[in-house]
Amino acid sequence: MLGKLIAQFLMRFSKRHKIMDVDKPVVFILGPTGVGKTKLSIELAQKFDGEIISADSMQVYRNLDIITNKVTNEEMQGVPHHMINFVDPLKFFTSVDYRNQTLPIIKNVLDRRKVPIVVGGTMYWIECLLYDVLIRPEKNETISLQVLEEVREDSLGDEFSLSNEDITKETLFSNIIEPKYLRAVPAENLHKILQEIDPERAQFIHPSEKRKTIRSLQIYQQTGKTHTDWLNEQKNIGSHLGGPLRFKNSLILLLTCDEDVLNERINKRIEQMLDMGLVQELLDFHDQYNLTRLESNIKPDYTEGIFQSIGFKEFHDYLTLPVEERVSENGSKVFNRSVACLRSATRKYSREQIKWIRNRILKCTEREVPQVFELDSTFPDHWDDVVRSRAEKILNYHIKGDCILFPIRPLKRGQVPESMEAKKRCRNRKSRRKP
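Not measured: the values here are computed from a predicted model.

Asker: I'm lost on the side chain of Ser309 in this one. Help?
Answerer: Summarising the element assignment, Ser309 is placed in the loop between α13 (278-295) and α14 (316-319). Relative accessible area serves as the criterion here: at 5%, Ser309 is assigned to the buried category. Beyond its immediate chain neighbours, meaning those up to four positions away, Ser309 contacts Met58, Ile67 and Thr68.

Asker: Any chance you could explain the side chain of Thr122 here in plain terms?
Answerer: Its place among the elements puts Thr122 in the loop between β4 (115-119) and α5 (123-130). Within the structure, Thr122 has its side chain in polar contact with the backbone nitrogen of Ser57 (distance 2.7 Å). Setting aside residues up to four positions removed in sequence, Thr122 forms contacts with Ala55, Asp56, Ser57 and Tyr349.

Asker: Just to check I follow, could you spell out the packing of aromatic side chains for this structure?
Answerer: Under the defined criterion, the tally for this structure stands at seven aromatic pairs. Note on Phe285 and Phe312: the rings are 5.6 Å apart at their centroids and 55° apart in plane angle, and the pair reads as tilted. Separated by 27 residues along the polypeptide, Phe285 in helix α13 and Phe312 in the loop between α13 and α14 bring together distant segments of the chain. A relative accessible area of 2% places Phe312 in the buried class.

Asker: Would you mind showing me how to read the pairing of strand β2 (residues 50-54) here?
Answerer: One face of the sheet, then the other: side chains in a regular strand alternate in exactly this way. Among the five residues of β2, five are classified as buried, and the element is accordingly described as predominantly covered. Bridge count between β2 and β4: five bridges; the pairing is parallel. Considered in β4, the bridge of Glu51 is made with Pro116. Taken together, the two bridges between β2 and strand β3 (residues 81-82) define a ladder with parallel strand orientation.

Asker: Help me out: how do you make sense of the sheet that holds strand β5 (residues 250-256) in this one?
Answerer: Strand pairing in a sheet takes place through backbone hydrogen bonds and is either antiparallel or parallel in direction. Overall, parallel pairing links the six strands, which are arranged β3-β2-β4-β1-β5-β6 in an open sheet. Each edge of the open sheet carries a strand with a single partner, namely β3 and β6 (371-376). Sitting on the sheet, α5 is in contact with β1 (26-30), β4 and β5, with an inclination near 160° to β1. The strands touched by helix α17 (residues 383-400) within the sheet are β1, β4, β5 and β6, with β6 carrying the most contacts at an inclination of about 160°.

Asker: Would you take a moment to explain the packing of helix α12 (residues 259-276) against helix α16 (residues 329-362) for this structure?
Answerer: Relative placement of two packed helices is described by the angle separating their axes and the distance separating the axes. Where α12 meets α16, the axes come as close as 10 Å, and the angle between the chain directions of the two elements is 135°. The angle between α12 and α16 places the two elements in the oblique class. Read as a crossing pair, α12 and α16 show a hand that is right-handed. Listed contacts from α16 to Glu259, Leu262, Asn263, Ile266, Asn267, Ile270, Glu271 and Leu274 of α12 are Phe335, Val339, Leu342, Arg343, Thr346, Arg347, Ser350 and Arg351. Classifying every residue of the contact of α12 with α16 by side-chain character gives seven nonpolar, four polar and five charged.

Calculation notes
- Residues numbered from 1 in each chain as written.
- Predicted model: local features only at pLDDT ≥ 70, side-chain atom pairs only at ≥ 80, totals over all residues.
- Heavy atoms only, no water.
- Helix = DSSP H or I, 4+ residues; strand = E, 2+ residues; numbered from the N terminus.
- Buried < 20%, exposed > 50% of the residue type's maximum accessible area, 1.4 Å probe, protein only.
- Contact = heavy atoms within 4.5 Å.
- Polar contact = N/O pair within 3.5 Å; in protein donor to acceptor, adjacent residues only side chain to side chain.
- Phe/Tyr/Trp six-rings, centres within 6.5 Å; stacked < 30°, edge-to-face > 60°.
- Pairing = 2+ DSSP bridges.
- Axes fitted to C-alpha atoms, helices over the stretch in contact; angles between N-to-C directions.
- Parallel < 35°, antiparallel > 145°, perpendicular 65-115°, else oblique.
- Left-handed = near helix turned anticlockwise from the far one by under 90°.
- Nonpolar A, V, L, I, M, F, W, Y, C, P; charged D, E, K, R; others polar.

Purely geometric stuff here, so don't read any function into it on its own.
Pasting the structure below:
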């Protein structure tokens, strides 16, 4: 009897307080690698007629499905996936390229009254969707194309490159600034040029961070304004981290996990990738794309295209061994060292993801942040109750306006889950041993 009365009350309350024709939210699923973001995104897409937009800077590239941990067709279970497996592996695909191609997809999904679910581990790609960043050199794309045409007319061709000897401020800005044309130029030389035009920005970039330096130089070339000027303008309407929220009706589902459990999951994932043929995939790709470069004494560049993916750099010594030596005792040692490096690099990447979420979302008080709901995925046996069910209740409220008797409250501003708190790490392993 009591249960019937409660049900009647909830029905009346729900009808009275239900939000009619609620706009579909843009859902962002965040968390470090290995917490179950892909699994949750597919479950929610099936439940709420959603479509998944990948935010993984390596999964946009064709091939290499194992090393980039792409979702399989079977795992997709019929759910539409966007921004996966379409870029040539050797092409340079930037966050601006990603944003420009992804925003129309999100708009199209919303126009069709479906739920866009953004999921992935490339945090600065997530950020360029979350916030309306003002730095948009693509507006002056015609200028870049004109510069490129002038370069071609000078018979430098598509694959010209600048060398250390002829790099000056004048030389640099008389050509289109692209990473592939600056491979032979040391990062420190480019940083010195940045110091001339934007000393304030140069202070925030280490001289060895070549990609960040090139980005700031590109902004100046393509817009006529320094990176610092753009950031100051953003701060006036948003914060120094970026502009205002792009989607007012958005929310973040934050998957967390105990660090020890997460590290064990990462180790198991790597073992599964090895069993699936990770090494052969790397060898095949190495033979197809990288071998000719090495034979020409061109150093491998692990900052471009698919080569940025965790795995190439870690397995470089093994990939470059002669075939007969790979099966030798030394080859076995090199292989085991490569696997250990892969585990270490993946764990480090996971910590970097956590640090980004902690500092630029959870603890950030300078800019507007969507509601963040924590979902603890530490215990797989409790997934349905602790993760999936809670996520469904949150989306039911935000999509349908359904009443929740015991609402699931978002994290408070500045609140950081315990598993994401910064930890002091002892560099000396011996000091951590018990006496």
